[in-house]
Each structure stands twice: as structure tokens, then as C-alpha cells.
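# Notes for the structure review
Chain residues, written in single-letter form:
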Amino acid sequence: MNMYIQMGTGNGPDERGYFGEFGGRFVPETLIPALDELTLAYHEAMADPAFQERLAFLQRTYTGRPTPITYAARLSEQLGGAQIYLKREDLAHTGAHKINNALGQALLAQRMGKQRIVAETGAGQHGVASATACALLGLECHVYMGNVDIARQQPNVFRMKLLGAEVIPVASGTKTLKDAINEAIRDWVTNVRDTFYLLGSALGPHPYPMMVRDFQSVIGTEARRQIVELAGRLPDTLVACVGGGSNAIGLFHAFRDDTDVAMIGVEAGGRGIESKEHAARFSDPSVGRPGVLHGTRSFVMQDADGQIMGTHSISAGLDYPSVGPEHAWLRQTERAGYTAVTDDEALLALQILSRTEGIIPALESAHAVAEAIRRAPAMPKDSILLVNLSGRGDKDLDTVIKALGDG
Amino acid sequence: MTTRTSTGVSAIEAMFARAASEGRSAFLPYFPIGWPTVAGSLEAIEGMAAAGADGFEIGMPFSDPLADGPVIQAATQKALENGVTVRGCIEAVRDLRGRGVLQPMLLMGYLNPLLAYGPQQFISDAKDAGVDGIIIPDLPPDEGEAWVNLCAQANLALVFFLAPTSTPARINLVTDQATGFIYVVSLTGVTGARSALPDELEAFLAGVKLAAGDLPLVLGFGIGTPEQAQRINRLTSGFIVGSALVRAGKDGAAPVIALAAEIAAAIRNR
């Protein structure tokens, strides 16, 4: 029996894919039958012990799960408040949590007999994870990536190519993650009969937000057990960065009924909320409002005419104008809180964690670390703060060198 | 005909009846407001109205048009750069009515800008300006209840789509919810002219027709030449030509009107 995953399907969504008023399926009619087929295949797979065992086996022997929890002793001591623990998704194969979902969906694609995979990527982490899972399972992989992101994430572009994937540059719109998703959907709508869309975050039309959450929920399921083993009790606060929000929802989900555990999602504050150059859908109500993008109703950064706004973040993985619908719902129901961290704060946190703990976090994860650094000093010494260290920073070295050099 | 004798769903029904009485399909050009300029798009639509078009799908630009191919993406991007808004598109229809365009006009746009405008206000303002129907490519009927009700109250058509992937259950749902006509996507894919239409098109259409009953079918996606128009003429109540006209529009209204005239003539040649 597998002890590494426990797929939670509790607390939504409803049958139409809604978390409260968020979610749904706002896609061209051509895709609706494919989404129905996917939903059915997903439920069948999850109910099949053989599928669960295969996934658990690969998580254990390929991904390297369970990933550990690390007590950040020196960081905690320096901040003088809460005891900080890190869930080490950076130690998962390919260096980020993205492999959890990519492997799950690739196994599902294989089960459905779909040989051709399309995926989008922002930072390149999901693209690398998809290319990896496809190489492992012998599937054909095409990854759409915006030209802006290709320029700032070169090592990941090369990784994907080494892994046998085709990287397709996207020159439309803002040339970042949002446009890569547009192109992946256009590909899917064209080749829908034989193609599986391996969406990388907890967004898009139903069943993706649910499916991605469930494949990522292994993070929280492990962390909940590990923190009790290591610290003797549940944490007081969880902190995770939120782009689309898959690492955050993956951590939060197992704690959803632990009402004493606070959940904090951290958006990209970019150059500051007032600068308008950010990706803070929740934290800047002047541009972040409920709307529909990429098939789901959630908070969307948009202008007065409902056009989707360009975003900015130093981290490509958080540079996205919408957010997974379950996060919008968790926020509305006040089960989770959301805040923003600027580029500069994230850069500083990256350096602090590197020096105090010997761990170079991804710039995305550095947003969560920055929030922990901000929050810990005011918390009691016997309190526990659990940070999802969703990825490692190797891919960001060029960006960091450039940013620190400029400073 | 110098004044509009009917509006909304009735105007669209009259359009199909007239085309049918002439033994042909209705020809509905798609053209976006603001491409290559606002004035240029109005000139093109006005000219096509005089050149034999039966009705119009008027495009409203969106930053993320995920059902559209590269030609319409680029054109609507330019339209956004030209400052075109939802309100601007409604006003463009009013302007076209003022210029004497009598044919049915349906506004086509993605959902988010319409939500930002406010659905009720949008329907009310569109109706007031002379719009006859609404097409929202990222709104399947499952999510469309509020829109179905608003459009029904205003007697505006609300067009839904069917695709070659549609199952019998989907076909029944869409035929149940759509008004005006059903937009039948000829192939799996995004908008854009294709060199060839799928071989299985006739068989697919026959199945949809059976379920649709009296509701007209309009074929779209991939139709771009007079020859293709001739081939699909009378297969469905109407057809839409988009990307080919939009591509012609980069050099001004004259080539758009000329292509529309050729297509209009092709379906009248028997």
C-alpha cells in the first residue's frame, strides 16, 4: 500500500469545477469533450490501485520522494522568533515540485493512449519536468515558451532540448507564460484527438485545478507527517509562493481541516505594488479583479476594459496575470491569506538563505522565504513556520548575477 | 430595402430565409473593428455590405484570443493598439447603422472584456446601437445561463458553437441553448484560412443538422476562397469568412471588398 501519496479530493470543486464562485470551464466548444474525457479518465485512474502504485513507485524511486523537511536553525536563531522549517521540494528530481504533477499527468496521458504531449512553461521548470516525464515514459513532448522567458531561462531551454523535447518559442502578446498557455491551448484545440495538454499549474479549465492540486498534494501530505515527527506538532503557519499556485495548493491541501494552521500565499510584488509592475492579483485591487482567463474564473490583472495586463516579476514562474481558482476561493473564505514580496526582498531572501543554511532557493521560492523572514521575528520562539521551498536556484543564477551586479 | 424591418433574432431569421429563397447559403464576413484603423474597418464593412454580404460578425479585440489563429491575433492586437474598446465596438455598429448598413450584425468577443463592461449593460447598449446577436467563443452553454437569459429578454441572438469533436450530448445541449444560429466549426483548430476543408465535413454536418431541426447552421473556420465558398454553398444555412478578409485588409478596404464581392458572386453562380 502506498504511503507516499494520499490523493485528496475533499473540499471541492463541485461537479462543474467550481470552488465557490471560482473555477469552471470557459473554453471553446471543441475542447469540452476532451475535458470530459480527461475528467473521466482522471477519476478512473485515481480509483485504480495499479495507477496509484505506479505513481508512488516512481515518486519513490525516480523523483526521490519523500523530500525531507529541514530545520533552518541558523536562520531561525538570527531572526529570533518562529522556528523555521523548509519543505525541500528543491531536492526533488529536476529541482522543483513541478515533477510531481508532470509525472502524474504523463502517466495519465499514457493510460489514455495519448502519445503526444504539449505543455507551456514560464520559468522552464514545468517544461523541464514535462520533458523529463515524457523521456521516462517514451512520450513525445512539445513545450511552448515565451521569447522573454527563453532569454532569461537559457539553462532550462537547453535542459528541455537535451531531454528530447521540442521547445517552441512564442512571440505573441507579452511573450511570457500567459502567451505560452494561449499557444499550448491553440495547439491542443488543433490536435485534440491525439494530444494531451500537460498543464503545469493549478489553473485552467476543470479538471486541471483539481487534478494538479491532487498530484501536488503529496507535498503537504508528507510535510504534515514529517513536521509532527520532527517538531512534535503541527506548524502554526504555512508559507508558499503563488504564481498559478500549484506548490502552495499542494502544501495547503493536507492542512485544510487543521483550522489552527494559518496559510499564507506570497505573490510577486515586482517593483512594488504602487509601481504597477508586479503580478500581485490579490494585493493590488486597482487591477486585480474577478475575471476569466485561460478557461477559469479567478482573480485576473486587467485594465478597465477587461484586457489582460502585462505583469512583471524577477521570477518567471510568478509572472502570470491570473491565479488558480482554489486560491481565490481560499482567500474569499479567509481560510488562507495572501501577501506580496518585491523583487528586491526576494533577492535579499535568496542571499540570506544561501548564507545561513547553505541552500540557494529558486527566485520563486525566495518570495516565500522573504515572507518568512518578514513574519518570523514577531512570532513566539516556540511557534513553527513551515516554508515550501518549491525549487532550487541554479536556473536563476544569471538573473541573480545581473540583478546584484546592477545593484 | 432602405430601413430595417426587423431586429435581433428575427432579423437573422429573415436573412437566412432570403438566402434560402435564392437557393444559396448566407455569407457572413468576420471583420474586427480597428483593423487596420477604426475608419478603415468601418469602410471595409460598409463596402462589403454593398457588395453582397448577408450579415456580419463584428470582431471585438481581446489581449488573449485563444481561439484565433495568427492572422486575427495580429489584426486584433493592432486594433487594441489603436485604442479599440468594447464601447468603441458598440459605437462602431451604431455608426454603421447610420451609414445605412441594414444587414444583421453580431458582435463577437471573448468573455473577460464583456464581464468588465457588465453583461446587462453590454446587452442593453449593444441592442440600442443596432446589434442583433452575440458570439462569445470562450463561453460554452454550460457557463452561459445568465447570458442566455439576458439575450432572450433583449431578443438578441446568442450563438453557441459545435465542433467535429462534439458528442451527441453536446449537440443536444448546444441546439437547445443557441438562438439565431449555431456556429459550426469545420475543423479542430483555431481560426484561419486552410487550403483544404476536411473530407468528413458533409457527414459531420448531416449529423448536426438532424439534431438542430429548424435552427440554422453557419459554418466557419478555414473558409477563405470563392472556390471553397462554392463548395460549401447550400451545405449549411450560412458560412463565415474571417482570416482571408482580415489578411486582405492590411492593404486597406478595397481588397477586402473585392474578395467579399467575389465570394458573394461565387455563391450566386449556379
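See the structure printed just above.
Just so it is clear, the structure is predicted and the values come from calculations on it, not from any experiment. (Residues numbered from 1 in each chain as written. Chains lettered and ligands numbered in written order. Predicted model: local features only at pLDDT ≥ 70, side-chain atom pairs only at ≥ 80, totals over all residues. Heavy atoms only, no water.)

## Quick look at the interface of chain A and chain B
Across the boundary between the two partners, chain A contributes 34 residues, which contact 37 residues of chain B. Here chain A meets chain B over a buried area of about 2,800 Å², counting both sides, of which 51% is carbon and sulfur. At the boundary of chain A and chain B, one finds three salt bridges. For Arg-16 of chain A, the salt bridge is made with Glu-143 of chain B, and the minimal N-O distance between the two is 3.4 Å. Across the chain A-chain B interface, the total number found is 20 residue pairs in polar contact (both at pLDDT 80 or more). Taken together, the elements giving at least two residues each to the side of chain A that touches chain B come down to α1 (32-46), α8 (177-190) and β11 (288-293) of chain A. The leading source of residues in the side of chain A that touches chain B is α8 of chain A, at eight residues. Split into classes, the residues belonging to the side of chain A that touches chain B amount to 13 nonpolar, ten polar and eleven charged. (Contact = heavy atoms within 4.5 Å. Buried area = accessible area lost by both parts, 1.4 Å probe. Salt bridge = Lys/Arg side-chain N within 4 Å of Asp/Glu carboxyl O. Polar contact = N/O pair within 3.5 Å; in protein donor to acceptor, adjacent residues only side chain to side chain. Helix = DSSP H or I, 4+ residues; strand = E, 2+ residues; numbered from the N terminus. Nonpolar A, V, L, I, M, F, W, Y, C, P; charged D, E, K, R; others polar.)

## Observations concerning the pattern of salt bridges
Residues and elements named next belong to chain A. Evaluated as defined, the whole model comprises 42 salt bridges over all chains. Residue Asp-396 is joined to Lys-395 by a salt bridge in which the shortest nitrogen-to-oxygen separation is 2.8 Å. Its relative accessible area of 0% is what places Asp-396 among the buried residues. Assessed through its relative accessible area of 4%, Lys-395 is described here as buried. (Buried < 20%, exposed > 50% of the residue type's maximum accessible area, 1.4 Å probe, protein only.)

## As for unusual backbone geometry
The residue after Arg-65 of chain A, namely Pro-66 of chain A, is reached through a cis peptide bond having omega 0 degrees. Structurally, Pro-66 of chain A can be placed in the loop between α2 (49-63) and β3 (69-71). Omega for the bond connecting His-206 of chain A with Pro-207 of chain A falls within 30 degrees of zero, at 15 degrees, which places this linkage in the cis form. By the secondary structure assignment, Pro-207 of chain A is in the loop between β8 (195-197) and α9 (208-216). A positive phi angle is found at Lys-175 of chain A, which is not glycine, with a value near 60 degrees. The residue Phe-221 of chain B is not glycine, and still its phi comes out positive at about 80 degrees. Among the structural elements, Phe-221 of chain B can be located in the loop between β7 (217-220) and α10 (226-232). Overall, the relative accessible area of 9% leaves Phe-221 of chain B in the buried class.

## Points about the packing of aromatic side chains
Residues and elements named next belong to chain A. Counting across every chain of the model gives 16 aromatic pairs over all chains. Between Trp-188 and Tyr-208, the ring centres sit 6.2 Å apart and the planes meet at 80 degrees, which makes this aromatic pair edge-to-face. Of this pair, Trp-188 sits in helix α8 while Tyr-208 sits in helix α9; the two residues are 20 residues apart in sequence, bridging distant segments of the chain. Just as Trp-188 is buried, Tyr-208 falls in that class too. Seen from their ring centres, Tyr-197 and Tyr-208 are 5.8 Å apart, and the 55 degrees between their planes marks the pair as tilted. Of this pair, Tyr-197 sits in strand β8 while Tyr-208 sits in helix α9, and the two are eleven residues apart along the sequence. The exposure classification of Tyr-197 matches that of Tyr-208, with both residues buried. Aromatic rings pair up to connect Phe-22, Phe-282, Phe-299 and Tyr-338 into one cluster. If you follow Arg-331 out to its NZ or CZ, it ends over the ring of Phe-299, 5.2 Å from the centre. (Phe/Tyr/Trp six-rings, centres within 6.5 Å; stacked < 30°, edge-to-face > 60°. Lys NZ or Arg CZ within 6 Å of the ring centre and 35° of its normal.)

## Section: the environment of Glu-145 of chain B
By secondary structure assignment, the location of Glu-145 of chain B is in helix α7 (residues 145-154). On a C-alpha basis, the gap between Glu-145 of chain B and Gln-177 of chain B in space is 8.8 Å, while along the polypeptide they are 32 residues apart.

## Quick look at the nonpolar core
In this structure, Leu-108 of chain A together with Leu-107, Phe-122, Phe-181 and Phe-239 of chain B are the most contacted members of the largest nonpolar core, which totals 171 residues. If you tally residues by element for this core, the top one is α1 of chain A, at eight residues. Ignoring any residue separated from it by four or fewer positions in sequence, one finds Leu-107 of chain B in contact with Ile-58, Met-60, Cys-89, Ile-90, Val-93, Phe-122, Ala-126, Val-131, Gly-133, Ile-134 and Ile-135 of chain B. Residues Ala-279, Ile-314, Ala-346 and Leu-353 of chain A belong to the second largest nonpolar core, which totals 34 residues. (Core = buried A, V, L, I, M, F, W, Y, C linked by side-chain atoms within 4.5 Å.)

## What to know about the packing of helix α4 (residues 98-111) of chain A against α9 of chain A
Residue and element names in this part refer to chain A. In contact at an axis separation of 8 Å, α4 and α9 are set at 115 degrees when each is read in the N-to-C sense. Both α4 and α9 take part in a crossing whose hand is right-handed. Residues Lys-98, Asn-100, Asn-101, Gly-104, Gln-105 and Leu-108 of α4 touch α9, and the partners they reach there are Tyr-208, Met-211, Val-212, Phe-215 and Gln-216. Here the residues of the contact of α4 with α9 are counted per class, giving five nonpolar, five polar and one charged. (Axes fitted to C-alpha atoms, helices over the stretch in contact; angles between N-to-C directions. Left-handed = near helix turned anticlockwise from the far one by under 90°.)

## Brief notes about the sheet that holds strand β14 (residues 384-389) of chain A
All names here are of chain A. Strand order across the open sheet formed by six strands is β3-β4-β14-β9-β10-β13, with mixed pairing between neighbours. Taken across any chain shown, the strands that pair with only one partner, and hence form the sheet edges, are β3 and β13 (337-342). Mean inter-strand twist for the sheet, computed between neighbouring axes without regard to direction, equals 25 degrees. The sheet contact formed by strand β9 (residues 237-241) and β14 spans three bridges and is parallel. (Pairing = 2+ DSSP bridges.)

## Structural notes on the side chain of Lys-178 of chain A
Tracing the backbone through its elements, the reader meets Lys-178 of chain A in helix α8. One polar contact links Lys-178 of chain A to Asp-179 of chain A, side chain to side chain, over a distance of 3.3 Å. With residues up to four places along the chain from it excluded, the contact list for Lys-178 of chain A reads His-294, Ile-308, Tyr-320 and Pro-321 of chain A together with Ser-63 and Asp-64 of chain B.

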